[in-house]
Amino acid sequence: MAKKIKSKTKKKIVSDERIKIIIGVFTIFLAAFLTIAFISYFFTWKEDQSFQYSKVISGTEINVENWTGKAGAHFANLFITKWFGIASFTFPFLLLIIGLRFFKIRLYSVNKAFRLCIIGTIISSILLGFLFGSTKGFLGSGLGGSHGLIIAQWLNSLLGKVGTAFLLIITIIGFVIFSSKSTYEWTLEKLSTIFKQNSQTGPSITIPQEDNLHKNTIINEVKEDKNSTIQEEIIDDDLVFTSIRVEEKEDAKNTSELEIKIKKTDEIEIQQQEEKELNLDIAEKPKEEKLSTGGSLDLDNYDPTLELSLYKLPPVNLLEEHGKETNQEINKEELIANKNKIVETLANYKIQIDKIKATVGPTVTLYEIIPAPGVRISKIKNLEDDIALSLAALGIRIIAPIPGRGTIGIEVPNQKPEIVSMRSILESKIFSDSKYELAIGLGKTISNETFVIDLAKMPHLLVAGATGQGKSVGLNAIIASLLYKKHPAQLKFVMVDPKKVELTLYSKIERHFLAMLPDAEEAIITDTQKVVNTLNSLCIEMDHRYDLLKLAQVRNIKEYNTKFIARKLNPEKGHKYLPYIVVVIDEFADLIMTAGKEIEGPIARLAQLARAIGIHLIIATQRPSTNIITGTIKANFPARIAFRVSSMIDSRTILDSPGANQLIGRGDMLVSTGGDLTRLQCAFIDTPELDEITNFIGSQQGYPHPFELPEYIPEGTDEVSSVDLTKRDPMFEDAARLIVRNQQGSTSLIQRKLAIGYNRAGRIIDQLEAANIVGPFEGSKARQVLFPDEYSLEQYLNDFLN
C-alpha cells in the first residue's frame, strides 16, 4: 500500500506543470551559464590556467578571472581544455532544446538532437585537433581540446596525415548525409545526373532491360533508405506514453476494481514524395519494343497516360501540418476526472460498473463501460442528459451497446481538440498503400486511425450538414484525395456549384481533370439549365458506356479497361479507354427548389445504373429535409456523411438514426456506409493549400481541351427551330408587348391576358422564342425576357417586320 502511495505521488510530481516550468527555467539558465563561461574562457584562460581546479571550488582565498566565477572556470576548463575544445558549445545548445521542451516549444527532436550533438562534438574535436594541433598552447590543449589532440595524434601515427585527412573527410560527409534528409536527396540527385551525363557521352548502345534493372535498383535503394528514416522519426517523436493504467480500489464493501486504460495510437508513418511518385505515377513507365523470335513486333500494353507522360502528382509538401502546432499531450487529469464523474453519476442511480476503458481521439474520447451483471442497457441510455450535466460538456453521445465489443460507449468531447491535417492523412501508410480504385481519405477515427474508403464501391455519397460545420472542407478533402492518387487520363470531374464561389479554384485544372459539354463556356457549372443538360448528357454517356461493355462482354469498367489496356479491344470498333467520372454537386437543395423533377430524374437514373460504368455522384446539401433528400435519392445513396445538424429529425433524414444532432461541429462527422456509424474528425485543408495544388497541376502540360461529354439537345428545341415566322399569329405583336411589359415569359400569362386557348398560347410562345424575344424553356421557371422595355422591342419589331 505504501509503495502505491509513493508511486502515485511521484506521478503527480512529474505531471505537475509547475515542476515542469521550474525544471525548464533551470535548464535554460544552465545553458546560458555554460555559454557565458565558455566565452569568458577565451579571454581569461591564461590567468585561470595557473590554478589547480580541484582546489578552486573549495578554496575561498583563490580568485578567478572568469565572468561566471569558480564554477564557470572549472566547467570551462573541463569541457574546453580537457575534453572537446570549442566543439563543447554544442552542449549548451542541447540544454536549450531540452529546456524549451518543458515549455512545449519544439525547436528540434530531443533524441535526434542528442545523437547529432554527441557525434558532431566528437568529430569536430578530432578535426580541430588534426588541423590546429600545432597551436597546443592556445586554450591549454588547442582548439580541439585534449580529446581531439590525443586522437588526432594517434590517427597520424597510425594512418599518416594523408590517411587521417581522407578518413575525416569521409566521416564528415557521412555525418552530414545522416543528419539531413535534404542533403541525402541532393547528393543522390547529383550522383544520378553525373552518371547519366557519363552514360550519354559514351557509345550509344541501348540495352532496355539492363536500364530498367538499374532503375529498379535505384528505386529499391531509395525505398530502403526512406524506410530507415521513417523508423528513426517514429522513435524520435516524443510520445509521452502510449498506454496508462490507473487502478483504484474501492472500499472494503466494494471489492470490484475500476480500471481506466488510455490509448493513443499516433500514426506517423511519413511517406516521402519521391516514394509516392514511384508507387503512384504511372506516367513514367518505360516503353520498349520487343522483337519476338519470329521477327514480328510484340506490342506492349496500352498506356492511357502516354499523352501526358510528363505529368507529376502534386507533392505532399504543398500541404501544411496544421495539427503539429496544436498537438496536445493526453491530459490524464481530465480523463480521470471524467471517469470519476461518470462513475459517480451512475452510482447515484444505483448502477454498478466493473470496468472503464478510455480511447482518446483527436476531438472526442470514448469511454467504454462494462456494467455489472443484471444492469439493463436502457437504464444507462436514459441517463444521457444527466451524464452531460455532470461533465458540463457539449455533444455527449451514448452508444448502447457498441457493436462487436459487448460494451457501452460514452463519447465525451476533449477540452483541447486537435486539428487533423490533410497532409497527415495523405502521408499515412493506409492511404499511400491502398489499392482502391478511387481512394478517399476522410479523416481520423476516435482511436486515431486513418479512415480511407473506396468511392468506386460505395458507389455514391450523400453529404449533409448545417452551415459552417465543415461540409465544404469535407468536399475539398474528398477532391484532394482523388487528385493525389489519379492521373488526368484516369479521372474526370463534373462540378456543379450553384453558389459560384465554392468550387471556382478548380477551374485552373479544367484541361486536366474537368469534363464539360461541348458548347459550355465554363467548366464549373453554375446555371440551373446547364446542370439539367449536363446530367442528361451524363445519362447519354452512361448508355454509350453500357453499349461498349456489352460489345466487350464485360460487367464493369475495371474489367473493360483491363481488357483495353491489354489490347484485346479494337479501337476501330468504337472502343476507347474509359476514365472514371465523379460528379460533385454542392447546394443540392437550391437545384431541387429551382428545377425539381428535371434534376431529380437524371440523378436517380445515374444513381441506379451508373455504378458499373464508373460514374459516381457526390451530393452535398445543408437542408436535409424530406422534400430535398427524397426516398428515391436515399435508396440509391447507401453511403452518407452527416456533419452536425440542428435537430434529431434532420439526423434521421440523413442517417436513418439519431446522432448527427449530438456532434460538436468543426469537422466532427458521422459516416454511414450502409451498416454501422463511424465517428470521424474530418481532415482539414485550407483554401491556400487548394490554391497551391491547383496551381501545381495547372502549370503542367494539359490536354488541348477539357474532356467533352456527349451533346444533349433538350426536348422542344427542334420544334422551335422549325417554326415558320412568316406565318406568325395575328396576336404575335400584342403577346410580345405583353411579355416585355410584365417581364415574364409565361404561356399562362398570354392565355389569361389575351383570352385564348392554351395550344394557341403555346404556339405564340414558340414563335416568340424563335424570334429571340424570350429565352428557351427552363422547366418550372418562367422564360427569360430578352428585352428590357417596350421601346427597344418596338425598334426590333420594326426592323424584324420590315
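Structure shown above.
Description of the structure in this document. (Residues numbered from 1 in each chain as written. Predicted model: local features only at pLDDT ≥ 70, side-chain atom pairs only at ≥ 80, totals over all residues. Heavy atoms only, no water.)

1. A word on the overall build of the protein chain
For the protein chain, the count of helices and strands is 29 helices and 19 strands. Looking at the 802 residues of the protein chain, the share that counts as buried comes to 45%. In the protein chain, once contacts between residues fewer than 6 apart in sequence are set aside, the share between residues at least 24 apart is 68%. (Helix = DSSP H or I, 4+ residues; strand = E, 2+ residues; numbered from the N terminus. Buried < 20%, exposed > 50% of the residue type's maximum accessible area, 1.4 Å probe, protein only. Contact = heavy atoms within 4.5 Å.)

2. Some details on the sheet that holds strand 12 (residues 491-496)
Strand order in the open sheet formed by nine strands is 10-9-18-17-16-11-15-14-12, with mixed pairing between adjacent strands. Here the strands that pair on one side only, and so sit at the sheet edges, are strand 10 (450-454) and strand 12. Neighbour-to-neighbour, the strand axes of this sheet turn through a mean angle of 30°, independent of strand direction. Judged from the five bridges that link them, strand 14 (residues 580-585) and strand 15 (residues 615-621) form a sheet pairing that is parallel. (Pairing = 2+ DSSP bridges. Axes fitted to C-alpha atoms, helices over the stretch in contact; angles between N-to-C directions.)

3. Notes on helix 20 (residues 588-595)
Residues of helix 20 that are buried: Phe588, Ala589, Leu591, Ile592 and Ala595. Within helix 20, the buried residues cover an arc of 160° as seen down the axis, which keeps them to one side. At the C-terminal side of helix 20, Gly596 shows a positive phi close to 65°. (Arc of directions from axis to C-beta.)

4. Focus on the pattern of salt bridges
Applying the stated rule across the entire model yields 19 salt bridges. Taking the shortest distance from any N to any O, the salt bridge between Glu502 and Lys499 comes out at 3.2 Å. Its relative accessible area of 25% is what places Glu502 among the partly exposed residues. Lys499 gets classed as partly exposed once you look at its relative accessible area, which sits at 37%. If you follow the salt bridges from partner to partner, you end up with Arg397, Glu411, Asp668 and Arg679 in one network. (Salt bridge = Lys/Arg side-chain N within 4 Å of Asp/Glu carboxyl O.)

5. Comments concerning the pairing of strand 12
Where a strand is regular, its side chains alternate between the two sheet faces. Burial analysis of strand 12 places six of its six residues in the buried class, the great majority of the element. Burial along strand 12 is two-sided: the face carrying Leu491, Phe493 and Met495 and the face carrying Lys492, Val494 and Val496 are both buried.

Structural measurements only, silent on function.
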